Structure formats: structure tokens, C-alpha cells
Amino acid sequence: MRAKPLSPQGAIGLCCPSHVPLYEAAPGQEIPWSREYKNIIACMEKEGFPVVQADNMYKKDWGFLASDSQRGADLNRLAGDQRVEYILFGGGEGAPEVLPYLEFELFKQNPKRICSYSDGTTILNAIWAKTGLETYYGQAPTLFTDWTDYNRRHFEGHILSDSMTEHEQASPWLCLRPGVAEGVLVGGYTLNFALLLGTEYFPVDVGEPHILFLEDHAKFGGEDHVSAILGYMEQSAFMKSVTGLVFGNYADHPCPHLYARLKLLGERRHIPVAYCDDFGHGQNHAILPIGRRARLSLGEDGCSLQYL
């Protein structure tokens, strides 16, 4: 199931299941730029998109976050709000706590495009797995303050339309193991996706082929950290359904040990594997549609990901 695109004057629903934003910083106060939302909202409205802010967006009943039930209520409210055409939220920590409070039937009955990245991996994959509604991985509210041409094209091709029928690469992919695969796209930030496997919130059919995309960044952990998470995932029943893997944006420098580890995974599973800098915690924020059938082709002559 795919929701209709965001219309030119369609309302954007904002919530924060994984961090506490500030609407406006006090004079002289230093805060992470991604936490200050006054400018973000102004940029959205400047582009013609009305903004609906969730009720509990700025609360911190837990000190570091709004409560789990408050954050779940915010997502449910935006899902049921007929004004909202597009739900957008960023990363942080805390998304797994929200899952028990989500009214998945609301999302199914009121389909709309939902996008996030990083910690949002948990919510995006759970909504698709529980409802069949495609969700979108790769972008966050902060991008509205500093668009690049590449990120903008992905927003226009996946959120404002369905015009992107083949994934646009930021630069040529590194083919670690060649081959061709077809399946349903799933994935996101490595740790969040791994922790979701085997839970009641990711009831996937392992008889259905899946193309897995993962991303991570060196600032969160070394190559040993990524390798350990991959090892955990390789032991899951879900990995038997994976027909191809694309890994994104780990670092801004070559990572030969990680390349070797990803290649080893491909050899063990007999699947094609590629590495790229298109999506994740870097400068490029390509969108990948979770739940979309796709065809992955990797070889010496080039690499492609086509949407079927």
C-alpha cells in the first residue's frame, strides 16, 4: 500500500519520538543545530507547506524525552489528522519505547507518507510490517534548512511524486560482491534494525525475498562494532530471506576492513553486496522506500537499484 504524494500546499506533521527539540534558543545559548525547530518550521512554511506540530513535541516528562505514551500519542494524532499529508521526524534515541503505543490501524486507515532516518528506523519498519504501508527512510526535518540538489531530487522524486523509478546514486557504488537480486526493500540504521528482528513489531514473512539496506557511521562505533551487529543479524531467521545488501555512509574515508566484512557476509549468504555514500549520517540523504519491490544489479559494468 502506498499513500498519495505530498501535495504542493499539503500540511507536514512534525513530531519528535527520539529527541526533545527547542523551538527557539535563548540568547547566547549553545544547542545542537538539529534541536532548534523555529528555523526548520519557517523554512517549511516558506516553501508553502503548513506545519502541524504534535501536542507533546516539546515536553520532557522523562527529563531527556517526553514519556513513551506521549510520544506514541503524538504519532497517532498525526496519523489520524486529516490535515496532515506527510509525517516527518528525526533521529536520536527512544523510538523502540514508542511501539507499544502505536495504533497501527490508524496508519492503515489513513495512509500518508512517513519519513525519518537513524532512530526512526524502528518506527518506519514497524509501521510497514504491521500495516503494509510503504514508509520512507533517509531524511529528517533539518534538511529543509539546507537543501542540496541531490537531497532535494530525492524529496521531490519520493515524497512529492513517484517519479524516481530508479535510485539515483550520489557517486558510483563500490561493488563488493556482484550479482542480481529482487525483493522488498527494508532496512535503516544498523543497530535499530538488528534490535527489531524477531520482535512482534516486525512480523515479516521470511519466505518473501528482501533486499536489505543498512547504514552506520564511524562516530557511533568502530568497524568492530558494526561487525558485531552484522554477526547478530546473520544469526536471525530474517537473514535467510535477504537476497541482496546495500550498505551506506559509514565514513568519509576508505574502510577496507568494513568492506572485507561486508564481502564476507555476501559470500556466506551467496548474495550481492554494495557500499555507497548515498544515505545515512553523512551529507547525502537519499530516500529509500521501505516496502517497495526492487531489483538490485551489481557488477563491474555498474550498479543499479530499480523500483518494480
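The notes below deal with the structure included here.

Conventions adopted
- Residues numbered from 1 in each chain as written.
- Predicted model: local features only at pLDDT ≥ 70, side-chain atom pairs only at ≥ 80, totals over all residues.
- Heavy atoms only, no water.
- Helix = DSSP H or I, 4+ residues; strand = E, 2+ residues; numbered from the N terminus.
- Rg over C-alpha atoms; globule rule 2.2 N^0.38 Å.
- Buried < 20%, exposed > 50% of the residue type's maximum accessible area, 1.4 Å probe, protein only.
- Contact = heavy atoms within 4.5 Å.
- Areas by Shrake-Rupley, 256 points an atom, 1.4 Å probe, with all protein chains shown as cover.
- Lys, Arg positive; Asp, Glu negative; His and termini not counted.
- Charge placed at Lys NZ, Arg CZ, Asp CG, Glu CD.
- Phe/Tyr/Trp six-rings, centres within 6.5 Å; stacked < 30°, edge-to-face > 60°.
- Pairing = 2+ DSSP bridges.
- Axes fitted to C-alpha atoms, helices over the stretch in contact; angles between N-to-C directions.
- Salt bridge = Lys/Arg side-chain N within 4 Å of Asp/Glu carboxyl O.
- Parallel < 35°, antiparallel > 145°, perpendicular 65-115°, else oblique.
- Expected span 1.5 Å × (residues − 1).

**A closer look at the overall build of the chain**
Alright, step 1. Helix and strand counts for the chain come out as nine helices and 13 strands.
Alright, step 2. The C-alpha radius of gyration computed for the chain amounts to 19 Å, which stays within 12% of the reference 19 Å derived for 308 residues, consistent with globular compactness.
Alright, step 3. Referenced to the eigenvectors of the C-alpha coordinate spread, the extents of the chain come out at roughly 50 × 45 × 35 Å.
Alright, step 4. Looking at the chain as a whole, 58% of its 308 residues qualify as buried.
Alright, step 5. Here the contacts in the chain between residues at least 6 apart in sequence split such that 76% fall between residues at least 24 apart.
Alright, step 6. Put simply, the chain shows about 12,700 Å² of open surface, and 50% of that area lies on carbon and sulfur atoms.
Alright, step 7. Both charge centroids of the chain, one from 26 positive and one from 38 negative side chains, sit 4 Å from each other.

**What to know about the packing of aromatic side chains**
Alright, step 1. A full pass over the atoms with the stated rule returns 17 aromatic pairs.
Alright, step 2. With 5.5 Å between their ring centres and 80° between their planes, Phe-144 and Phe-155 make a pair best called edge-to-face. On the criterion of sequence distance, the pair formed by Phe-144 in the loop between β5 (135–137) and α6 (149–158) and Phe-155 in helix α6 is long-range, its members being eleven residues apart. Taken individually, Phe-144 and Phe-155 each receive the classification buried, so the pair is uniform in this respect.
Alright, step 3. Through pairs of rings, three or more aromatic residues link up here, namely Phe-49, Tyr-86, Phe-144, Trp-147 and Phe-155.

**A few points about the sheet that holds strand β11 (residues 288–290)**
Alright, step 1. The mixed open sheet is built from six strands, whose spatial order is β2-β1-β3-β4-β5-β11. What marks the edges here is a single partner per strand, and that holds for β2 (51–53) and β11. With direction set aside, neighbouring strand axes in the sheet form an average angle of 30°.
Alright, step 2. Taken together, the three bridges between strand β1 (residues 11–14) and β2 define a ladder with parallel strand orientation. If you follow Ile-12 over to β2, its bridge partner there is Val-51.
Alright, step 3. Lying over the sheet, helix α2 (residues 68–80) contacts β1, β2 and β3 (84–88), oriented at roughly 150° with respect to β3.

**Considering the pattern of salt bridges**
In a structure, side chains of opposite charge can pair up when their charged atoms sit close to one another.
Alright, step 1. All chains considered together, the criterion is met by 14 salt bridges.
Alright, step 2. A salt bridge links Arg-2 to Asp-162; its shortest N-O distance comes to 3.9 Å. In this pair, Arg-2 sits in the segment before β1 while Asp-162 sits in the loop between α6 and β6 (174–177), placing the two residues 160 residues apart along the sequence.
Alright, step 3. By relative accessible area, Asp-162 is classed as partly exposed at 34%.
Alright, step 4. Residues Asp-81 and Arg-77 are paired through a salt bridge, measuring 3.9 Å at the closest nitrogen-oxygen approach.
Alright, step 5. Taking relative accessible area as the criterion, Arg-77 reaches 29% and is therefore assigned partly exposed.
Alright, step 6. A network of salt bridges, in which partner residues are shared, links Arg-2, Arg-113, Glu-134, Asp-162 and Arg-292.

**What to know about the packing of helix α8 (residues 223–234) against helix α9 (residues 256–269)**
Alright, step 1. Running from N to C, α8 and α9 point in directions that differ by 10°, and their axes come no closer than 10 Å. Compared by their axis directions, α8 and α9 come out roughly parallel. Residue-level contacts link Glu-223, Val-226, Ser-227, Leu-230, Gly-231 and Glu-234 of α8 to Pro-256, His-257, Leu-258, Arg-261, Leu-262, Leu-265, Arg-268 and Arg-269 of α9.

**As for the sheet that holds strand β10 (residues 273–276)**
Alright, step 1. With mixed pairing, the seven strands of this open sheet are ordered in space as β6-β10-β9-β8-β7-β12-β13. Edge positions in the sheet fall to β6 and β13 (302–307), since each has one partner strand and no second. Adjacent strand axes in the sheet meet at a mean angle of 30°, parallel and antiparallel pairs treated alike.
Alright, step 2. Taken together, the four bridges between strand β9 (residues 242–248) and β10 define a ladder with parallel strand orientation.

**Things to note about α8**
Alright, step 1. Helix length check: α8 (twelve residues) gives 16 Å between terminal C-alpha atoms against 16 Å at 1.5 Å per residue, within 8%.
Alright, step 2. Three or more residues of α8 are buried, namely Val-226, Ile-229, Leu-230, Gly-231, Met-233 and Glu-234.
Alright, step 3. Looking at the buried residues of α8, the elements they touch are α7 (190–196), β8 (210–215), β9 and α9.

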